[in-house]
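In case you want the letters, here they are:
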Amino acid sequence: MVFLIVSLIAFHVAAIFMPKRITWLDIWCIALFSIVVESFSNMALDLKLNLYGYIAPGNQWSGFLPIFLYPPVNAIYLNYFPFAKTNSRKAAYILAWTAFCLVYEVAALESGFFYYLKWKLWYSALCYPVLLLLVLGSFKFTRWLQRRAG
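Heads up: these notes are all about the structure in this document. (Residues numbered from 1 in each chain as written. Predicted model: local features only at pLDDT ≥ 70, side-chain atom pairs only at ≥ 80, totals over all residues. Heavy atoms only, no water.)

1. Observations regarding the overall build of the protein
The condition that has to hold: A run of H or I in DSSP becomes a helix once it reaches four residues, and a run of E becomes a strand once it reaches two; helices and strands are each numbered from the N terminus. Radius of gyration here is computed from C-alpha atoms only, and the compact-globule reference equals 2.2 Å multiplied by the residue count raised to the power 0.38. Exposed residues in this analysis have more than 50% of their type's maximum accessible area, buried residues have under 20%, and partly exposed residues fall in between, with area computed by a 1.4 Å probe over protein chains only. We get accessible surface area from the Shrake-Rupley algorithm with a probe of 1.4 Å; when it comes to residues, only the shown protein chains can shield them. His is not counted, nor are the chain ends, whereas Lys and Arg count as positive and Asp and Glu as negative. Each charge is placed at NZ for Lys, CZ for Arg, CG for Asp and CD for Glu.
From N to C terminus, the protein includes five helices and two strands. The N-to-C order of helical and strand elements in the protein reads α-α-β-α-α-β-α. Radius of gyration (C-alpha) of the protein: 16 Å, near the 15 Å computed for a compact globule of 150 residues. Overall size of the protein, expressed as C-alpha extent along the three principal axes, is 45 × 30 × 30 Å. Buried residues in the protein amount to 37% of all 150 residues. In the form shown here, the protein has an accessible surface area of approximately 8,900 Å², with 74% of it arising from carbon and sulfur atoms. Put simply, the protein has 12 plus and 5 minus side-chain charges, and the middle of one group is 15 Å from the middle of the other.

Structural data, given as structure tokens:
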């Protein structure tokens, strides 16, 4: 639980104090997107399919805390995304973030705030690039809506 609390504080502080390349509206939209995707994923993969879980099996209030890891992490990810670089640089950036997420997941497993039942680390390795692309797609969609609104 200590690892989770320290992570929550560190990621939120980093997201708040980083030099912003994206707007607060972008951050707000990606935070909401992150919470919705994480909530639905947890309902399906944790509560329904029982593949993994947070803190302890079943529903408990502390199990909601990890949901708040994703908004600041995704804000940091998007803030430094190499939009003006080549596709190979963008792919390398996504792969680097995938590696970071996998290392963090292993640390979360070791700390005990996350556990596997039927889940495997390689499932996560396949999911993270897709999720990072979804976050990027949501960001681009938000920007498109902003331009369209005038």
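2. Notes on helix α1 (residues 2-17)
Let me state the cut-off plainly: Here a helix's expected span is defined as the number of its residues, less one, multiplied by 1.5 Å. This arc is built from the directions going out from the helix axis to the C-beta atoms. What makes two residues a contact is simply this: any of their non-hydrogen atoms within 4.5 Å.
Between its first and last C-alpha atoms α1 spans 22 Å; for 16 residues at 1.5 Å apiece the expected length is 22 Å, and the two agree. Burial in α1 covers these residues: L4, S7, L8, F11 and A15. Buried residues of α1 fall within an arc of 100° about the axis and therefore sit on the same side. Along α1, the residues that are exposed and aim more than 90 degrees away from the buried face are V2, I9 and F17. Buried residues belonging to α1 abut α3 (70-79) and α4 (87-111).

3. Considering a nonpolar patch on the surface
Keep this limit in mind: Distance thresholds for patches are 9 Å for like charges and 5 Å for nonpolar side chains (Val, Leu, Ile, Met, Phe, Trp, Tyr), applied to residues having over 30% relative accessible area and no salt bridge. For this document, the term salt bridge refers to a Lys or Arg side-chain nitrogen within 4 Å of an Asp or Glu carboxyl oxygen.
Taken together, M1, I5, I9, V13, I16, F17 and W24 make up a surface patch of nonpolar side chains, about 740 Å² in accessible area. The leading source of residues in the nonpolar patch is α1, at five residues. You can see I9 is positioned in helix α1.

4. Side note on the environment of Y77
Locating Y77 in the fold gives a position in helix α3. Placed 73 residues apart in sequence, Y77 and G150 show a C-alpha to C-alpha distance of 26 Å. With sequence-adjacent residues up to four places away left out, Y77 is seen in contact with Y93, I94, W97, L132, L133, V135 and L136.

5. Structural notes on unusual backbone geometry
Its identity as a non-glycine residue notwithstanding, N50 has a phi of 55°, on the positive side. Take N50: it is sitting in the loop between α2 (24-48) and β1 (52-54). What makes N50 partly exposed here is its relative accessible area of 37%.

Without other data, these values stay purely geometric and don't point to any function.
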